[in-house]
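Chains, contacts and geometry: an overview
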Amino acid sequence: MDKTGNNRLFQNAAQVLTLAGEAAPRRGLVMNDLGILKDASVLVRNGKIEWIGEDLAKVPGGIGDAEIVDCRSKVLMPGLVDSHTHLVWAGHRRDELELRLAGADYEAIFAAGGGILSSVRSTRGASDDALYEQSLRRIQRMRRCGTTTFEIKSGYGLDLETEQKQLRVARRLGKEGFRVKTTCLAAHAVPEESKSSQAARAAFIRDICERILPTINDEGLADFCDVFCDRGAFTISEAREVLTAASSLGLELRVHANEFGHTGGAVLAAEMGARSADHLLHLDAHEIELLRETGVVATMLPGTSLVLGKPFADGRALVDAGLAVAVASDCNPGSCAFENLSMVLAIACYGCKLSPAEAICAVTHNAAASLGISDEVGRIAQGLSADMLVLDTDDYRDLVYHAGSPLIEQVFVAGDPIS
Ligand code: NIG
Ligand code: FE
């Protein structure tokens, strides 16, 4: 996304959360250091952050024609980075939600051909434009809630044509003002037509490795490859096959891991040097140590735990063990259709026991680092894109204290306010 913004001076914020420091993800308790400047201003030129400080007299060359954004009694912080979404889908699963609220089980619905497979049917049946329009409305709402960077996965196609359709829609969003990274998740579920035998299932995995991933890669449609390695989805050896093929094409890796049990996904993420292992509801000390040693970012999706009535990932243990932790929405049609990442960051505090500062680091800098773009977004630092939020409060902890209130007053992308 190339976009130049106007010149703006964000003047005199009560708190500027800079997250100043290196581009590597923050590990462990260092996540608490948000690099807060008090009564400070930020000068933006051509969409980039040029100067940050308390004394405007010290701006080299002065503020020039910069338009003033009055930030008195407000917090200025980086735009949120949602590093795990499935936001391009067609249709809805509101009926399934009601069934689950009445006691039906997510995994049982999936095993019976509903769940993910029901979204596959609607996404396969949608035209390019219908899929784009539905996804556009969703991503616009997400941005109004403060998210300025989006990772978007495919995975409701499970065939080449529909995986391409989803990823092309994601790329189109990326060209139309949204900052987007894409992930091919063709190994999200075994499609209906490949369920009849072990041979058909093996043929589907081969098709992902030998045709779907190479074609998508040739078209430049994906930045990452992800696999749902868990009970009821793909085994460790199937997931390893897909990730190995992706890696040999030069794609970076992410893994849906350990959502339903100690199913090997986290160990595989460490073995394969994935950028991120996501969900992580069930992790033992050995698995935590492997993720720490290999520097895999541990991404928690606490909205999904809440919606499915599952345990929360133990964020406290992960941070205390010295891992780099990120938090994301998982926005998808089934297990969690939450769009508001600023609310999910609060749930990460109440459910996963992160401190408010850790949760903010988890949805900004660490999420950006897990996407390999922490030199572009996620901090308020010189040279980064001016993707920033103005909060209607003078204390960032209100994002957790007053969770769910409309605290995000203005959203700026590359220095421009979103409409
Ligand atoms: O991350 N766990 C697998 N995939 C999604 C759920 C997708 C769906 O239910 O449609 C997730 O929760
Ligand atoms: Fe997911």
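One structure accompanies this document, and this report is about it. (Residues numbered from 1 in each chain as written. Chains lettered and ligands numbered in written order. Predicted model: local features only at pLDDT ≥ 70, side-chain atom pairs only at ≥ 80, totals over all residues. Heavy atoms only, no water.)

**Digging into the overall build of the protein chain**
We count it as follows: Numbering goes from the N terminus for both helices and strands, where a helix is a DSSP run of H or I of at least four residues and a strand is a run of E of at least two. Radius of gyration means the value over C-alpha atoms here, while the globule rule gives 2.2 Å times the residue count to the 0.38 power. Residue exposure (1.4 Å probe, protein chains only): buried if accessible area is under 20% of the type maximum, exposed if over 50%, otherwise partly exposed. Each accessible area value is a Shrake-Rupley result obtained with a 1.4 Å probe; residue values ignore everything except the protein chains displayed when judging cover. The positive count covers Lys and Arg only, the negative count covers Asp and Glu only, and His and the chain ends enter neither. The atoms used to mark charge sites are NZ of Lys, CZ of Arg, CG of Asp and CD of Glu.
Helix and strand counts for the protein chain stand at 15 helices and 16 strands. In terms of overall size, the protein chain behaves like a compact globule, its C-alpha atoms giving a radius of gyration of 21 Å where 419 residues would be expected to give roughly 22 Å. The C-alpha extent of the protein chain, read off along each of the three principal axes, is 70 × 45 × 45 Å. Per-residue burial over the protein chain gives 60% buried out of 419 residues. Here the protein chain displays about 15,400 Å² of accessible surface, and carbon together with sulfur accounts for 49% of that area. Once the 42 positive and 57 negative side-chain charges of the protein chain are each reduced to a mean point, those two points are 2 Å apart.

**Side note on helix H5 (residues 160-175)**
Stated precisely, the cut-off is as follows: One fewer than the residue count of a helix, multiplied by 1.5 Å, yields its expected span. Residue contacts follow a heavy-atom distance rule, with two residues in contact if any of their heavy atoms lie within 4.5 Å.
Relative to the 22 Å expected for 16 residues at 1.5 Å per residue, H5 spans 22 Å between its end C-alpha atoms, a close match to the ideal helical length. Along H5, the positions that sit buried rather than exposed are Leu160, Thr162, Glu163, Gln164, Lys165, Gln166, Leu167, Val169, Ala170, Leu173 and Gly174. The inward-facing, buried residues of H5 contact helix H3 (116-125), helix H4 (128-144), strand E7 (147-153), strand E8 (179-187) and helix H6 (198-218). Two residues or fewer past H5, Gly177 is found with a positive phi of approximately 100°.

**A short note on the layout of surface pockets**
Spelled out, the test is: Space inside and on the surface of the protein is sampled on a 1 Å grid over the protein atoms alone, with a cavity defined as a set of points where a 1.4 Å probe fits but cannot get out and a pocket as an open set with protein on both sides within 12 Å along at least 5 of 7 lines; lining residues have an atom within 4 Å of a point. Grid points are joined across faces, edges and corners, and a volume is the space filled by probe spheres set on the points. Throughout, the ten residues Ala, Val, Leu, Ile, Met, Phe, Trp, Tyr, Cys and Pro are labelled nonpolar, Asp, Glu, Lys and Arg are labelled charged, and all others, Gly among them, are labelled polar.
Quantified by volume, the largest pocket comes out at close to 420 Å³. By residue number, the principal contributor to the lining of the largest pocket is H4, which donates five residues. Here the residues of the lining of the largest pocket sort into seven nonpolar, four polar and eight charged.

**Remarks on the packing of helix H7 (residues 236-248) against helix H8 (residues 265-272)**
Inclusion rule: As a rule, the C-alpha atoms of each element are fitted with a line to give its axis, helices using only the stretch in contact, and angles between N-to-C directions run from 0 to 180 degrees. Throughout, the term roughly parallel applies to angles under 35 degrees, roughly antiparallel to angles over 145, roughly perpendicular to angles from 65 to 115, and oblique to all others. Crossing handedness is read from the near helix: turned anticlockwise from the far helix by less than a right angle, it gives a left-handed crossing, and turned clockwise, a right-handed one.
The geometry of H7 relative to H8 is characterised by a closest axis approach of 10 Å and an angle of 30° between their N-to-C directions. The angle between H7 and H8 falls in the class roughly parallel. H8 is crossed by H7, and the crossing has right-handed handedness. Contacts between H7 and H8 involve Ile236, Ala239, Arg240, Leu243 and Thr244 on the former and, on the latter, Leu268, Glu271 and Met272. Looking at side-chain class alone, the contact of H7 with H8 contains five nonpolar, one polar and two charged residues.

**Some remarks on the site of ligand 1**
Test applied: Any residue with at least one heavy atom within 4 Å of a molecule or strand is counted as near it. We call two N or O atoms a polar contact when they sit within 3.5 Å, provided that within protein one can donate a hydrogen and the other can accept it, with sequence-adjacent residues counted only if both atoms are side-chain atoms. A molecule is counted as occupying a cavity or pocket when more than half of its atoms fall within 2 Å of that pocket's grid points.
With respect to spatial proximity, 15 residues lie near ligand 1, and among them Arg93, Tyr106, Tyr156, Asp330 and Ser335 are the closest. Tyr156 places a polar side-chain atom, nitrogen or oxygen, 2.6 Å from an oxygen atom of ligand 1. The side chain of His279 places a nitrogen or oxygen atom 2.9 Å from an oxygen atom of ligand 1. At a threshold of 2 Å from the grid points, most atoms of ligand 1 map onto the largest cavity. Taken together, the residues of the shell around ligand 1 break down into four nonpolar, eight polar and three charged.

**Notes on the coordination of the iron ion (ligand 2)**
Going by this rule: Donor atoms: N, O and S within 2.8 Å of the metal, or within 3.2 Å for Na, K and Ca. Because water is excluded, sites can look incomplete.
For the iron ion (ligand 2), the full set of protein donor atoms is His84 (NE2), His86 (NE2), His256 (NE2) and Asp330 (OD), at a range of 2.1 to 2.3 Å. Mapped onto the sequence, the donors of the iron ion (ligand 2) take the spacing H-x1-H-x169-H-x73-D. Both residues of the pair, His84 and His86, belong to the buried class.

**Section: the environment of Thr123**
Along the chain, the position of Thr123 falls in helix H3. Once the C-alpha coordinates of Thr123 and Gly155 are considered, the two residues, 32 residues apart in sequence, prove to be 9.7 Å apart. With residues near it in sequence (within four places) discarded, Thr123 still touches Trp89, Ala90, Leu131, Tyr156, Thr162, Lys165 and Gln166.

**Focus on the packing of aromatic side chains**
Rules: Between the rings of Phe, Tyr and Trp (Trp by its six-membered ring), a pair exists once the centres lie within 6.5 Å; its type follows the angle of the planes, with under 30 degrees stacked, over 60 edge-to-face, and the other angles tilted.
The full count for this structure, using the stated rule, is five aromatic pairs. Ring centres of Phe228 and Phe260 lie 6.1 Å apart, and the angle between their planes is 55°; on these two criteria the pair is classed as tilted. You can see Phe228 sitting in strand E9 (residues 224-229) and its partner Phe260 sitting in the loop between strand E10 (252-257) and H8, a full 32 residues away along the chain. Phe260 shares its class with Phe228; the two are buried. Members of the aromatic cluster, each reached through a chain of ring pairs, are Tyr106, Phe228 and Phe260.

**Structural notes on empty space enclosed by the protein**
Where empty space is left in the structure can be found by rolling a water-sized probe over the atoms. In total, this model carries one cavity of 30 Å³ or more according to the counting rule given. If you add up the space inside the largest cavity, you get close to 100 Å³. In terms of lining residues, the largest cavity is bounded by 13 residues, among which Tyr106, Ile116, His188, Asn332 and Ser335 are the most central.

**Topic: the environment of Arg254**
Within the secondary structure layout, Arg254 lies in strand E10. With a relative accessible area of 0%, Arg254 lands in the buried category. C-alpha separation for the pair Arg254 and Arg137, spaced 117 residues apart in sequence, amounts to 26 Å.

**Examining unusual backbone geometry**
The backbone of Leu158 shows a phi angle near 60°, a positive value even though the residue is not glycine. Relative to the assigned elements, Leu158 resides in the loop between E7 and H5. Positioned with a positive phi, Asn258 is a non-glycine residue whose angle comes to about 55°. Along the chain, Asn258 falls in the loop between E10 and H8.

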